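What follows is the residue order along each chain.
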Amino acid sequence: MSLNTIAINQQMDKFDGHQRVWLFGYGSLIYKADFPFIERCPASIAGWSRRFWQGSHDHRGTEAAPGRVATLVPDPGAVCHGMAYLITPDVFAHLDHREKNGYLRLATDIHFDDGSSEQGLVYIATAENAAFLGEASEQQIALQIASAHGPSGPNRDYLLALAQALRDMDRHDAHVFAIEAFLHDAGA
Ligand code: SIN
């Protein structure tokens, strides 16, 4: 089941009055920056792990056959690597629409590779959202991804592009790479 979070996200006033805001991306926002940004650099956030536990009914699947896309789950001690973008607040209208199927803006500390950090925002789809599919084995996830397809294209392309982007950044993600391996085994 899908859920539209646009109205909730528009009420997020944490960075009201700021002319620039850092956004942390960990899924398609790493490799598909279809929005203007002032600056982009690799970064990480603490206490979260990337998991393909969120359903995609609008981009990489359909209502009848949802795909699986990345969200973050709380994981004390874990570090999630991704990409940070410095953006102007007007960009959030586009991002809220893109991330509308269950993702909520959350304020977080973003850590940069030079040791500095800034407060910013990340879109997270929590276990409470109606499109959350939850845990499954990496093999099951790969099978679902192999057959799902939505308006933004095959679900497989999302997973493979993310795996490649992480590799390009020299970052290892055991969960993502295991699903990628099962996808290759399945000939997808
Ligand atoms: C993100 O990439 O940060 C959020 C999830 C997605 O759009 O794939």
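Here is what the cut-offs are and how they apply
Residues numbered from 1 in each chain as written. Predicted model: local features only at pLDDT ≥ 70, side-chain atom pairs only at ≥ 80, totals over all residues. Heavy atoms only, no water. Salt bridge = Lys/Arg side-chain N within 4 Å of Asp/Glu carboxyl O. Phe/Tyr/Trp six-rings, centres within 6.5 Å; stacked < 30°, edge-to-face > 60°. Helix = DSSP H or I, 4+ residues; strand = E, 2+ residues; numbered from the N terminus. Buried < 20%, exposed > 50% of the residue type's maximum accessible area, 1.4 Å probe, protein only. Contact = heavy atoms within 4.5 Å.

(A) Main features of the pattern of salt bridges. Scanning all chains against the criterion turns up eight salt bridges. Across the pair aspartate 96 and arginine 105 runs a salt bridge whose closest N-O atoms are separated by 2.6 Å. Connected through shared salt-bridge partners, Asp34, Arg98 and Glu99 make up one network.

(B) Expanded view of the packing of aromatic side chains. If you walk through the whole model with that rule in mind, you get six aromatic pairs. Both rings, one in phenylalanine 35 and one in phenylalanine 37, keep their centres 6.2 Å apart while their planes meet at 65°; by these two values the pair is edge-to-face. Ring geometry for phenylalanine 37 versus tyrosine 85: centroids 5.2 Å apart, planes at 65°, classification edge-to-face. Taken together, the residues span a long stretch of sequence, with phenylalanine 37 in the loop between helix 2 (28-31) and strand 2 (39-56) and tyrosine 85 in strand 3 (residues 67-87) at a distance of 48 residues. The class of phenylalanine 37 is partly exposed, set by a relative accessible area of 32%. The class for tyrosine 85 is buried, based on a relative accessible area of 0%. Counting every residue linked through ring pairs, the aromatic cluster contains Tyr31, Phe52 and Tyr158.

(C) Highlighting the environment of proline 42. Here proline 42 shows up in strand 2. Proline 42 sits 18 residues away from phenylalanine 24 along the chain, and the two C-alpha atoms are 9.2 Å apart. With near-sequence residues (within four places) excluded, proline 42 lies in contact with Gly82, Met83, Phe112, Asp113 and Met169.

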